[in-house]
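Tertiary structure, described
Listed here are the chains, written in short residue letters.
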Amino acid sequence: MTSRPISSLRLPGFALLQLINAGYTTVQDLQGISVEALAQELKVSLSDAEAILSVTQIPSYTQALGQPALTQSAASIAKTSEKISTGSRSADELLSGGLSSGQIIEISGPPGTPKEALAISIVKSFVEACQEVLFFDCQHMSSPATLDRILGTLGTTPDYLRLVHYSDITSLSELMVLIYNLPKLLESNPQASLLVINSISFPFQARQDLTISARNALLEKIKQAFTIAVTGHKLTIVTTSQLSTKILNADGSTGSFDTGAKGILVPQLGIDSEFQLQLSKFTDRFKLGSGLAYLPGRAYRMILAAVNNTCGIIKLISTPGDPHGTRSSCSLSYEVTKNGTVS
């Protein structure tokens, strides 16, 4: 298999859409996956999954003619393969060295955890590497003054203000305008390597009048926009999101403070069917499974749990190889530094 895009495969449109919605962006992403696993993930028959995998073995049109396939420049290849630190030793270790181009990671946690601080640590690392950043704040949790204070310590990168494009998002409507116009934004900022959306759950939280169907439609649009951005532009995407407490009865059904047997933390942006099926099995209140309906299936999901104001636990709860968080994952400690970043 090669790293050519999924869109190059000669598959029916519905099959390509299923692969893209599941988070597959290149033919290489399908390497090593079994027919049974693909059928389960795409919710298709075994024969359909076998047909999809068989198509990936067919050379591209130019290769079949014996002509050289289009190649990237050396600089483009280097940009795709290199990893940039998150600024946190623990997060880097969990991510096998840092963030790669075209990677999506969601940083979540209860109120009071340094989610935004870790996001700014990531911004700092990208700026140190002279990479442009698009930064959108949905809850005024990371002001321009905060970014200026932290990035101003970068003596080796005096033009950091030119590299970071900051904007406020004050409503759900503004967030969706950003999502719908993301392709045009990336066209006008072709050097952008990182997109950060802080507190992406907050605009939804403020709109209690949304119907479930309308909410799901907006989340699906975000998922599609993110998939296109990481596929076509090799953009790295970081979001932060709050968690809320869900009360469960002893049988796993939704309970109240009067009837509930335990409380677990769930994403504020809703849970998917796979997460719902596993809900009653949870004994660890920080084991969340997939559950985040706005992220492609091959995203990374990280949770922070504070011990106190300066330290806590960081845990990777979902990865492309384990999208539903069914296998145990490692937890490491973190510390908040004096300048407000996470180490």
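Residues numbered from 1 in each chain as written. Predicted model: local features only at pLDDT ≥ 70, side-chain atom pairs only at ≥ 80, totals over all residues. Heavy atoms only, no water.

Here's the deal with the environment of Ala225
Stated precisely, the cut-off is as follows: Secondary structure follows DSSP: runs of H or I at least 4 residues long count as helices, runs of E at least 2 residues long count as strands, and numbering of each begins at the N terminus. Under the scheme applied here, a residue whose accessible area is under 20% of the maximum for its type counts as buried, over 50% as exposed, and between as partly exposed, the area being computed with a 1.4 Å probe on protein chains only. A contact between two residues is defined here by any heavy atoms of the two lying within 4.5 Å.
Within the element layout of this structure, Ala225 appears in helix α13 (residues 212-232). By relative accessible area, Ala225 is classed as buried at 11%. Residues Ala225 and Tyr294 lie 69 residues apart in sequence; the distance between their C-alpha atoms is 9.8 Å. The contact partners of Ala225, leaving out residues within four places of it in the chain, are Ile179 and Leu182.

Some thoughts on the packing of aromatic side chains
The condition that has to hold: For Phe, Tyr and Trp, rings pair up if their centres lie within 6.5 Å, where Trp contributes its six-membered ring, and each pair is then called stacked (planes under 30 degrees apart), edge-to-face (over 60) or tilted (otherwise).
Counting across every chain of the model gives one aromatic pair. With a centroid separation of 5.7 Å and 15° between ring planes, the pair formed by Phe135 and Tyr166 is classed as stacked. Residue Phe135 is located in strand β4 (residues 132-137), and its partner Tyr166 is located in strand β5 (residues 164-168); the two are separated by 31 residues in the primary sequence. The exposure class assigned to Phe135 is buried, which follows from its relative accessible area of 0%. Judged by relative accessible area, which is 23%, Tyr166 ranks as partly exposed.

Details of the environment of Val133
Following the sequence through the fold, Val133 ends up in strand β4. In this structure, the C-alpha to C-alpha distance between Val133 and Ala192, residues 59 residues apart in sequence, is 5.6 Å. Setting aside residues no more than four positions away along its own chain, Val133 makes contact with Val123, Phe126, Val127, Leu163, Val164, His165 and Leu194.

Notes on the packing of helix α2 (residues 35-42) against helix α3 (residues 46-55)
As a reminder of what qualifies: All axes here are fitted lines through C-alpha atoms, helices being fitted over the stretch that makes contact, and every angle between N-to-C directions spans 0 to 180 degrees. When describing relative orientation, an angle under 35 degrees is termed roughly parallel and one over 145 degrees roughly antiparallel, while 65 to 115 degrees is termed roughly perpendicular and anything else oblique. In this scheme the handedness of a crossing depends on how the near helix is turned from the far one: anticlockwise by less than a right angle means left-handed, clockwise means right-handed.
Where α2 contacts α3, the axes come no closer than 8 Å and their chain directions differ by 110°. Comparing their axes, α3 and α2 come out roughly perpendicular. Pair α2 / α3 crosses with right-handed handedness. Residues Val35, Glu36, Leu38, Ala39 and Leu42 of α2 form the contact with α3, whose own contacting residues are Leu46, Ala49, Glu50, Ile52 and Leu53.

Considerations on the pairing of strand β6 (residues 192-198)
Test applied: For two strands to count as paired, DSSP must find a minimum of two bridges between them.
Extensive coverage of β6 is indicated by the burial of seven of its seven residues. Note: β4 against β6, six bridges, orientation parallel. Residue pairing for β6: Phe136 is matched across the bridge by Ile197.

Quick look at helix α7 (residues 115-128)
Stated formally: The span one expects for a helix is its residue count, reduced by one, times 1.5 Å.
Its 14 residues place the ends of α7 20 Å apart at the C-alpha level, agreeing with the 20 Å of an ideal helix rising 1.5 Å per residue. Cys130 sits one or two positions beyond α7 and adopts a positive phi of about 60°.

Some remarks on the nonpolar core
Burial of nonpolar side chains together is a common tendency in soluble globular proteins. Put simply, the rule is: Grouping buried Ala, Val, Leu, Ile, Met, Phe, Trp, Tyr and Cys residues that are joined through side-chain atoms within 4.5 Å yields what is termed a nonpolar core.
In terms of nonpolar packing, the biggest core is built from 33 residues, with Val123, Val127, Val133, Leu194, Val238, Met302 and Ile314 touching the most fellow members. Here this core takes eight residues from α7, the largest share from any one element. Beyond its immediate stretch of four places on either side in the chain, Met302 contacts Ala91, Leu94, Leu95, Ile105, Glu106, Ile107, Ser108, Leu118, Ile314, Lys315 and Leu316.

Side note on the side chain of Asp92
How we decide: The charge count includes Lys and Arg as positive and Asp and Glu as negative, but it does not include His or the ends of the chains. Salt bridges are defined as contacts in which a side-chain nitrogen from Lys or Arg sits within 4 Å of a carboxyl oxygen from Asp or Glu. N or O atoms within 3.5 Å of each other form a polar contact, as long as, within protein, one can give a hydrogen and the other can take it, and as long as residues adjacent in sequence are counted only when both atoms are side-chain atoms.
Looking at the element boundaries, Asp92 is found in helix α6 (residues 89-94). Despite its burial, Asp92 pairs with no opposite charge, the nearest such side chain being Arg89 at 8.4 Å. Within the local environment of Asp92, its side chain forms a polar contact with the side chain of Ser85, the two groups lying 2.6 Å apart. A polar contact of 2.8 Å, which involves the side chain of Asp92, links it to the backbone nitrogen of Thr86.

Some thoughts on the pairing of strand β9 (residues 300-306)
Counting buried positions along β9 gives five out of seven residues, so the element sits mostly inside the fold. Of the pairings in the sheet, the one linking strand β3 (residues 104-109) to β9 comprises four bridges and is parallel in character. Paired with Ile107 across the two strands is Met302, which belongs to β9. Relative to strand β10 (residues 311-318), β9 runs antiparallel, the two being bridged by six bridges. By the bridge assignment for β10, Ile303 is matched with Lys315.

Considering unusual backbone geometry
Note: most residues except glycine have negative phi, and most peptide bonds are trans. The backbone of Lys43 shows a phi angle near 60°, a positive value even though the residue is not glycine. In this structure, Lys43 sits in the loop between α2 and α3. With a relative accessible area of 69%, Lys43 lands in the exposed category. The backbone phi angle of Ser199 is positive, close to 55°, even though this residue is not glycine. Structurally, Ser199 can be placed in the loop between β6 and α12 (202-205).

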